[in-house]
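# Structural description and commentary
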Amino acid sequence: MDDIQRFLAHAIQLEKESARRYEELAEAMQSLGSMEVAEFFRQMAHYSRLHLKEAMQRGGFHDLPELAPDAYEWPEGTSPEAAAWAGVDGFMDVPGALSLALDGEQRSRDYYLMIAEAAQDPEVKRMAEAFAEEEGEHVAQLEAWLNGLAKG
Ligand code: ZN
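Values in this document were obtained by computation on a predicted structure and should not be read as measured data.

Parameters and conventions
- Residues numbered from 1 in each chain as written.
- Predicted model: local features only at pLDDT ≥ 70, side-chain atom pairs only at ≥ 80, totals over all residues.
- Heavy atoms only, no water.
- Helix = DSSP H or I, 4+ residues; strand = E, 2+ residues; numbered from the N terminus.
- Rg over C-alpha atoms; globule rule 2.2 N^0.38 Å.
- Buried < 20%, exposed > 50% of the residue type's maximum accessible area, 1.4 Å probe, protein only.
- Contact = heavy atoms within 4.5 Å.
- Areas by Shrake-Rupley, 256 points an atom, 1.4 Å probe, with all protein chains shown as cover.
- Lys, Arg positive; Asp, Glu negative; His and termini not counted.
- Charge placed at Lys NZ, Arg CZ, Asp CG, Glu CD.
- Salt bridge = Lys/Arg side-chain N within 4 Å of Asp/Glu carboxyl O.
- Donors = N, O, S within 2.8 Å, 3.2 Å for Na, K, Ca; no water.
- Expected span 1.5 Å × (residues − 1).

Attention shifts here to the overall build of the protein. Along the backbone of the protein there are five helices and zero strands. Ordering the α and β elements of the protein from the N terminus gives α-α-α-α-α. Relative to the 2.2 N^0.38 estimate, which gives 15 Å for 152 residues, the radius of gyration of the protein is 16 Å and therefore close to what a compact globule would have. For the protein, with 152 residues in total, the buried portion stands at 43%. Partitioning the intrachain contacts of the protein with sequence separation of at least 6 by distance along the chain shows that 77% fall at a separation of at least 24. For the protein, the computed accessible surface area is about 8100 Å², with 50% contributed by carbon and sulfur atoms. Here the protein contributes 13 positive and 30 negative side-chain charges, whose respective centroids are spaced 2 Å apart.

And the structure:
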């Protein structure tokens with residue numbers, strides 16, 4: 001992945017999916033009456049959308065860049081977000097929702113790390129590193145929530 005536009009197109013797709021998942025999770029938590037967790041997920045959706053906007057600006061995109069579905073190169077064949085959600089259906093409780101979100105963030109972080117490691121292009125490398133760091137912060141936030149639950 002040595003083309004910054006291509007890299008950003010992937011990041012944009014990832015953030016878009018992430019924001020949508022967080023909104024779904026927020027609704028699920030709200031319907032369970034877990035307002036605090038719902039609010040946290042809404043914040044995470046908000047940050048994904050900010051990140052999305054930033055990636056679009058850096059890429060000089062005014063609209064979402066359109067790559068043909070088979071033009072995306074994901075390590076698992078689908079985006080890390082979609083991979084985290086594969087096989088999920090039905091009822092989700094608070095720990096389940098947090099674990100799922102954590103899985104998505106870890107996969108996203110690993111994806112960016114992998115790109116950063118393999119990239120020859122210094123700009124792609126730098127941005128992938130920055131994105132991996134941000135995902136690492138999301139991982140830490142979710143772990144903190146899960147630890148909080150474990151302590152009751
Ligand atoms: Zn994230």
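Within the element layout of this structure, S108 appears in helix 4 (residues 94-118). Once residues within four sequence positions are removed from consideration, S108 is found in contact with L14, P80, E81 and E135.

In the structure shown here, the tally under the stated rule is five salt bridges. Among the salt bridges present, the one from E54 reaches R58, with a minimum N-O distance of 3.7 Å. Residue E54 and its partner R58 are located together in helix 2 (residues 35-59), separated by four residues, close to a single helical turn. Under the relative-accessibility criterion, E54 is labelled partly exposed at 31%. Here R58 falls in the exposed class, since its relative accessible area comes to 53%.

Let us look at the coordination of the zinc ion. By definition of the ideal shapes, four donors in a tetrahedron about a metal sit 109.5 degrees apart, and six donors in an octahedron sit 90 or 180 degrees apart. Surrounding the zinc ion are the protein donor atoms E105 (OE), E135 (OE) and H138 (ND1), which sit 2.0 to 2.1 Å from the metal. Spacing between the donor residues of the zinc ion along the chain follows E-x29-E-x2-H. Here E105, found in helix 4, pairs with H138, found in helix 5 (residues 122-151); they are 33 residues apart in sequence, far enough to count as distant. Assessed through its relative accessible area of 2%, E105 is described here as buried. Accessibility expressed as a relative area gives 9% for H138, which makes it buried.

Attention now moves to helix 1 (residues 4-31). Counted at 1.5 Å a residue, the expected span for helix 1 with its 28 residues is 40 Å, and the 41 Å between its end C-alpha atoms agrees. Phi turns positive one or two residues past the end of helix 1, at G33, with a value near 85 degrees.

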